[in-house]
Amino acid sequence: MTLRLGDLVASLAGEFDATLLGDPELLIERLAPLESAGPAELTFLSHIKYQAKLGRSAAACVVVSPQAQQAATQRGACIVVSDPYLYFARITQLWKKRHEQPGRAGIHSSAVIDPSAELSPGIFVGAFVCIGARAVLGADVHIGAHSVIGDDVRIGRETRLASRVTVNDGCVIGDRCVVHPGAVIGADGFGFAPHEGTWVKIEQLGAVRIGNDVEIGANTCIDRGALQDTVIEDGVKLDNLIQIGHNVHIGRHTALAGCVGVAGSATIGAHCTVGGGAVVLGHLSLADRVHISAASVVTRSIHKPGHYTGLFPIDDNASWEKNAATLKQLHGLRERLKVLEQTTDIASRKNP
Amino acid sequence: MTLRLGDLVASLAGEFDATLLGDPELLIERLAPLESAGPAELTFLSHIKYQAKLGRSAAACVVVSPQAQQAATQRGACIVVSDPYLYFARITQLWKKRHEQPGRAGIHSSAVIDPSAELSPGIFVGAFVCIGARAVLGADVHIGAHSVIGDDVRIGRETRLASRVTVNDGCVIGDRCVVHPGAVIGADGFGFAPHEGTWVKIEQLGAVRIGNDVEIGANTCIDRGALQDTVIEDGVKLDNLIQIGHNVHIGRHTALAGCVGVAGSATIGAHCTVGGGAVVLGHLSLADRVHISAASVVTRSIHKPGHYTGLFPIDDNASWEKNAATLKQLHGLRERLKVLEQTTDIASRKNP
Amino acid sequence: MTLRLGDLVASLAGEFDATLLGDPELLIERLAPLESAGPAELTFLSHIKYQAKLGRSAAACVVVSPQAQQAATQRGACIVVSDPYLYFARITQLWKKRHEQPGRAGIHSSAVIDPSAELSPGIFVGAFVCIGARAVLGADVHIGAHSVIGDDVRIGRETRLASRVTVNDGCVIGDRCVVHPGAVIGADGFGFAPHEGTWVKIEQLGAVRIGNDVEIGANTCIDRGALQDTVIEDGVKLDNLIQIGHNVHIGRHTALAGCVGVAGSATIGAHCTVGGGAVVLGHLSLADRVHISAASVVTRSIHKPGHYTGLFPIDDNASWEKNAATLKQLHGLRERLKVLEQTTDIASRKNP
């Protein structure tokens, strides 16, 4: 399935002020990265600093910013637009829509749906799906095969659950969300009262409340609240294999990369980013626009926007061993340095 | 569904020596945290250090310790008991039992159950469940929708598997356990013999043996042993997205927080806690009552009870960069300090 | 089911030059670790340094290297072979094959299979499996219960998917692979273009391409590429709960332990190992034969084979606190050391 270059630009003309410099009759067969794009492929230049690569590209057409226009036109067709990355994102969406199978609405005969559930028009329910009592699913919702929707769940319009998603009783998901396979929404939070050396379960009576336009990665878990709800606000993006503890609150448009763990009752502000494998400890609070580097551990609340990091720099193993061994004496080294400073100070006073 | 305050106290009178100071006719509609509890809600004071919050609480009733009784009675009804957190835990259990749908026993017609499996009375088997040959399920066991139980599995009485749980062939789970969605019990351990640059699989012939009163979080994995069994003793609590390698042994009433990884053949004692995201390397041994901080990496056996930590302190990124760069020279700095100490020592001897 | 020791050695005679010293009529009931093996059990000595344990072993027979032959024969039967670990690996395979139920080919009546899918002879399809349009499954493929195979998926001969595996549209898996429960292959990569404080989805148009003889652990996720494919080459072994981002390329016979995260567009060479919980940041490149220690974070490309580490050494919490606090002043300490060196230098020049 090919796309005429002129048609592609025309499709996005409502949203973007983009100029096509080149033949609108060119046929685009695929989208591709700059390095490998061939003569039937469309690509983009993500940053002006890479413009030297343009000359080597065999792409049919490159989406570029005005700064790269000159370099781009020297090699062939280009689309000039102020934000090429955003423009290319829209092209991927267009591409996907064109290539998707149409007409997937319908309810598979094997699905087990409680008669009290409310299903809106345009819904797709895959094979072996279970939908609980009083669940309410909005228009054009897609529930992939093998997903399990509990009692009293509400899912907003156009939200897509992939295969093998669990949404437990009472949880709420907004509109236009995407949930990937294996995600578990609303399992019990990890709450126990210690009692004579054993752990007594605190039943988790809250739920999970997810806003609109949220994406949740494969095998990611969001626990239900202990008494109140765990809350994920609008536009939050969660990658795969993330753990969100009970009572956590994540603000609008915050993005967490893969393997992040957020412990119970932590609050993360809006427009934050958390790098892959980072950990946020329980009951902490992060302000808006806080950025945590990958694999860093947040051990205290952060009240100021900014970029925070805490990880041991990697080194060849022999060097690491020497430095790590010394690290265990670091406090002592500081004390020795102090003594030396005093000694030298005394010495220099003696010998001015 | 409301609960009369007096009835609530009466329900727990067998287990606790608690005193209700206030009107037993008060109707409780919900349980809530101290900060937000309203006039129809019951809450608790987790620690005496927060007692200043009592005055601001609009809660119908607060569960408090004897030390907080005076402050609590000044604001309204309270229940005085020696361990408020434990008492509240029991209330959450009571609450859940009251609000759960009754009568869920029964076997869904879609379940695929081997004729040689033994199912005890009172069992619930959800939609699309698979149960293998010779599996034995105890009384009042609950198997959630889409769970897959292998051949020769044994599950003890009153154990609850949520939806989408896998228990592979030959694994054993005790009584009164709770297993959350997506958990995988008994996948192959990661065992390969190196052979001319490739990996030759060591088939994993052991199983997983789980005691009574164990809780296993969502998407957590417990691998089967290579030759003998991986063992999880009574009362262990595992949070979500935990990896337990083959041949691991975890002692009674130990609790592991989310995203912990325990590598193969590690032994963790009883009454330990491991914080979120921590890693325990293979073949190590941790004594009883060892407590590992979140995100710490256990690289050697720990023979003494206590609290252990190893993580890089988070900092603003610029400060971190300076300190991390210096860290790579730390061993050298120590050497330079030594030289200085010797020089100064010589100098001070010269100039006494 | 027992195995005659002589038959066992005979079965592997084609591959190994092994010598049985002892009674071939001995009956082996089980395989067991050296420490616990009893008189009906076969075990092996993994390394010559443990040979002192041989004397205490009650095993029926021990597989040993020629160096340990003398010590081994003093205690009873042994099999002498140049690589006992590899030999024992083959024995576990033999053992498993002998003890498995035969004749599992067949398609469960509950499976939902698109009529355009191509299923080769000898295939097993479990209960509630879904197989999409134009999927092609090779000879003797095993698809466990509840697995979901998307449209246009191709799976090579003798590959085994356990229960509850998802393989999304267009992904390719080679021959003789093993995929454990809950694995998700081909979920969307994590790609968004920032736009006025929100995130605009970049549709993930690539797929996942997996070679032959690859093993993928339970609940591990491998994301589909953004434009091109995510590639896992032949012989790669991935443990449980691993996250592989979009466009990642992993070279032949590389092994990743549990809980590793590899961010988008990273390239890992052949014959590498990555320890449990390690993180590889995005767009980095690791050469062949690079070995990363557990829980280390790769923050730069590594061009030289070798062993690399970066983790904070664990300590008792009080010592850690003192050293971690000092670590935040490390750059300052270095500066103070420099000043001291200069002062002392000046002082020593003054007082030669």
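Keep in mind the model is a prediction, meaning the values are calculated, not measured.

## Description of the overall build of chain A
If you tally the helices and strands in chain A, you get five helices and 40 strands. Relative to the compact-globule value of 20 Å for 352 residues, chain A shows a C-alpha radius of gyration of 27 Å, a clear excess of over 25%. With the C-alpha coordinates of chain A rotated into their principal frame, the extents come out at 90 × 65 × 35 Å. Put simply, 19% of the contacts in chain A that link residues at least 6 apart link residues at least 24 apart. Counting only carbon and sulfur atoms, one obtains 51% of the accessible surface of chain A, whose full area is about 13,600 Å². Within chain A, one finds 32 positive and 35 negative side-chain charges whose respective centroids are separated by 7 Å.

## Brief notes about unusual backbone geometry
A positive phi angle, close to 50°, is found at Glu-196 of chain A, a residue other than glycine. Structurally, Glu-196 of chain A is set in the loop between β22 (192–195) and β23 (198–201). At His-253 of chain C, a position not held by glycine, the phi torsion is positive, near 60°. Taking the relative accessible area as the measure of exposure, His-253 of chain C reaches 12% and is therefore buried.

## Digging into the packing of aromatic side chains
Applying the stated criterion across every chain, the model contains 18 aromatic pairs over all chains. Each ring, one from Phe-16 of chain A and one from Tyr-87 of chain A, has its centre 4.9 Å from the other, and the planes form 75°; the classification is edge-to-face. On the criterion of sequence distance, the pair formed by Phe-16 of chain A in the loop between α1 (5–11) and β2 (19–21) and Tyr-87 of chain A in helix α3 (residues 84–99) is long-range, its members being 71 residues apart. Here Phe-16 of chain A falls in the buried class, since its relative accessible area comes to 11%. Relative to Phe-88 of chain A, the ring of Phe-44 of chain A has its centre 4.4 Å away and its plane inclined at 25°; by these criteria the two rings are stacked. In this pair, Phe-44 of chain A is assigned in strand β5 (residues 41–44) and Phe-88 of chain A in helix α3, connecting sequence segments 44 residues apart. Just as Phe-44 of chain A is buried, Phe-88 of chain A falls in that class too. An aromatic cluster of at least three residues, connected via ring pairs, comprises Phe-44, Tyr-85 and Phe-88 of chain A. If you follow Lys-53 of chain B out to its NZ or CZ, it ends over the ring of Tyr-50 of chain B, 5.0 Å from the centre.

## A word on the relation of the copies chain C and chain A
For these two chain copies, the linking operation is a rotation about an axis paired with a shift along it. Each copy of the sequence occupies a distinct position, and chain C is placed on chain A by a rotation of 120° and an axial shift of 0.0 Å, giving an RMSD of 0.0 Å. Look at the turn and shift together and you get a three-fold axis relating the two. Considering only C-alpha atoms, the residue of chain C closest to the rotation axis is Phe-312 of chain C, which sits at 3.5 Å.

## Overview of the pairing of β23 of chain A
Residues in a regular strand point their side chains to alternate faces of the sheet. All names here are of chain A. As defined by bridge partners, β22 adjoins β23 across four bridges and the pair is classed as antiparallel. Looking at β23, one finds that Ala-193 is bridged to Val-200. Hairpin geometry of β22 and β23 is characterised by an intervening segment of two residues between the two adjacent antiparallel strands and by a positive phi of about 50° at Glu-196.

## Overview of the pattern of salt bridges
Taken as a whole, this structure holds 48 salt bridges over all chains when the rule is applied. Between Arg-30 of chain A and Glu-41 of chain A there is a salt bridge, and its shortest N-O distance comes to 2.7 Å. Taken together, the residues span a long stretch of sequence, with Arg-30 of chain A in strand β4 (residues 30–31) and Glu-41 of chain A in strand β5 at a distance of eleven residues. With a shortest N-O distance of 3.6 Å, Glu-158 of chain C and Arg-157 of chain C are connected by a salt bridge. You can call Arg-157 of chain C partly exposed: its relative accessible area is 40%.

## Focus: the sheet that holds strand β14 (residues 142–143) of chain C
In space, the twelve strands of this open sheet follow the order β40(A)-β39(C)-β37(C)-β34(C)-β31(C)-β28(C)-β25(C)-β20(C)-β17(C)-β14(C)-β11(C)-β8(C), with mixed pairing throughout. Of all strands in the sheet, those with a lone pairing partner are β40 (315–316) of chain A together with β8 (106–107) of chain C, marking the two edges. As judged from the two bridges shared by strand β34 (residues 273–274) of chain C and strand β37 (residues 290–292) of chain C, these two strands associate in the parallel manner. Note that in β37 of chain C the partner of Thr-273 of chain C across the bridge is His-291 of chain C.

## Some points on the domain arrangement of chain A
When its domains are assigned, chain A resolves into domain 1 (3–99), domain 2 (165–308) and domain 3 (317–350). Domain 1 of chain A and domain 2 of chain A are separated by 37 Å when their C-alpha centres are compared.

## Observations concerning the interface of chain C and chain B
Counting residues at the interface gives 67 residues for chain C, matched by 74 residues for chain B. Taken together, both faces of the contact between chain C and chain B bury some 5,800 Å²; the carbon and sulfur share is 66%. For the chain C face of the interface with chain B, the top three residues by lost area are Arg-164, Ile-314 and Lys-328 of chain C, together amounting to 12%. Across the chain C-chain B interface, the total number found is three salt bridges. Two residues, Arg-336 of chain B and Glu-341 of chain C, come together in a salt bridge whose shortest N-O distance is 2.8 Å. At the junction of chain C and chain B, the tally comes to 28 residue pairs in polar contact (both at pLDDT 80 or more). Among the elements of the structure, α3 (84–99), β28 (237–238), β31 (255–256), β40 (315–316), α4 (317–327) and α5 (330–350) of chain C are those that each provide at least two residues to the side of chain C that touches chain B. In terms of residue count, the dominant contributor to the side of chain C that touches chain B is α3 of chain C (nine residues). In terms of residue class, the side of chain C that touches chain B is made up of 32 nonpolar, 21 polar and 14 charged.

## Here we look at the UniProt feature "active site" (unreviewed entry) in chain A
Residues and elements named next belong to chain A. With numbering aligned to this structure, UniProt lists the feature "active site" (unreviewed entry) at His-246. With respect to the helices, strands and loops of the structure, His-246 is situated in the loop between β29 (243–244) and β30 (249–250). Note on His-246: relative accessible area 13%, which makes it buried. In contact with His-246, other than residues within four places in its own chain, are Gly-189, Phe-190, Gly-191, Gln-204, Asp-223, Arg-224, Gly-225, Ala-226, Thr-230, Gly-264 and Ser-265. A distance of 2.6 Å separates polar atoms of two side chains, one belonging to His-246 and the other to Gln-204.

## Focus: the interface of chain C and chain A
Counting from both sides, the interface comprises 74 residues of chain C and, opposite them, 67 residues of chain A. Surface buried jointly by chain C and chain A totals about 5,800 Å² across both partners, of which 66% is contributed by carbon and sulfur atoms. When the buried surface of chain C facing chain A is broken down by residue, Phe-190, Trp-199 and Leu-227 of chain C rank first, second and third, together holding 12% of it. The interface formed by chain C and chain A contains three salt bridges. Note that Lys-96 of chain A is salt-bridged to Glu-203 of chain C, the shortest N-O span being 3.7 Å. Here chain C is connected to chain A by 28 residue pairs in polar contact (both at pLDDT 80 or more). Only β21 (184–187), β22 (192–195), β23 (198–201), β26 (221–223), β38 (297–298), β39 (306–309), α4 and α5 of chain C provide two or more residues apiece to the side of chain C that touches chain A. Of all the elements, α5 of chain C adds the most residues to the side of chain C that touches chain A, at eight residues. With two bridges connecting them, β40 of chain A and β39 of chain C associate as antiparallel partners. The partner of Asp-316 of chain A across the bridge, within β39 of chain C, is Tyr-308 of chain C.

Rules and cut-offs
- In every chain, residue numbers begin from 1 and rise along the written sequence.
- Just so you know, chain letters begin at A and ligand numbers begin at 1, following the order they were written in.
- Local features in a predicted model are, by the rule used here, given only for residues with pLDDT of at least 70; side-chain atom pairs are given and counted only at 80 or more, and totals for whole chains, interfaces and linings are based on all residues.
- No hydrogens and no water enter the side-chain calculation; it runs on all heavy atoms of the structure.
- In DSSP terms, a helix is any run of H or I states spanning at least four residues, a strand is any run of E spanning at least two, and both are numbered starting from the N terminus.
- Within these notes, the globule rule equals 2.2 Å times the number of residues to the 0.38 power, and the radius of gyration is based on C-alpha atoms.
- Residues are treated as being in contact if the distance between any of their heavy atoms lies within 4.5 Å.
- For the area figures, the Shrake-Rupley method with a 1.4 Å probe applies, and any residue is considered shielded solely by the protein chains shown.
- All tallies of charge rest on Lys and Arg as positive and Asp and Glu as negative; His and the ends of each chain are not included.
- All charge positions are set by atom: Lys at NZ, Arg at CZ, Asp at CG, Glu at CD.
- In this scheme, a residue with accessible area under 20% of its type's maximum is buried, one over 50% is exposed, and one in between is partly exposed, where area comes from a 1.4 Å probe on protein chains only.
- Aromatic contacts are taken between Phe, Tyr and Trp rings whose centres are within 6.5 Å, Trp giving its six-membered ring; a plane angle under 30 degrees counts as stacked, one over 60 as edge-to-face, and the others as tilted.
- Note on criteria: charge over ring means Lys NZ or Arg CZ within 6 Å of the ring centre, with the direction from the centre no more than 35 degrees off the ring normal.
- Here the copies are superposed with least squares, the fitted atoms being C-alpha atoms of residues at a pLDDT of at least 70 in both.
- Two strands are counted as paired when DSSP detects at least two bridges linking them.
- Any carboxyl oxygen of Asp or Glu within 4 Å of a side-chain nitrogen of Lys or Arg constitutes a salt bridge here.
- Throughout, the edges of the domains are those of an automatic or database domain assignment.
- Accessible surface is computed with a 1.4 Å probe, and the buried area is the amount of it that two parts give up when combined, taken over both parts together.
- Contacts described as polar in this section are N or O atom pairs within 3.5 Å, which, within protein, must combine one atom able to donate a hydrogen with one able to accept it, while residues neighboring in sequence count only if both atoms come from side chains.
- Three residue categories are used. Nonpolar comprises Ala, Val, Leu, Ile, Met, Phe, Trp, Tyr, Cys and Pro, charged comprises Asp, Glu, Lys and Arg, and polar comprises the others, including Gly.
- UniProt positions are given in the numbering used here, feature names are shortened, and annotations may be inferred rather than shown by experiment.

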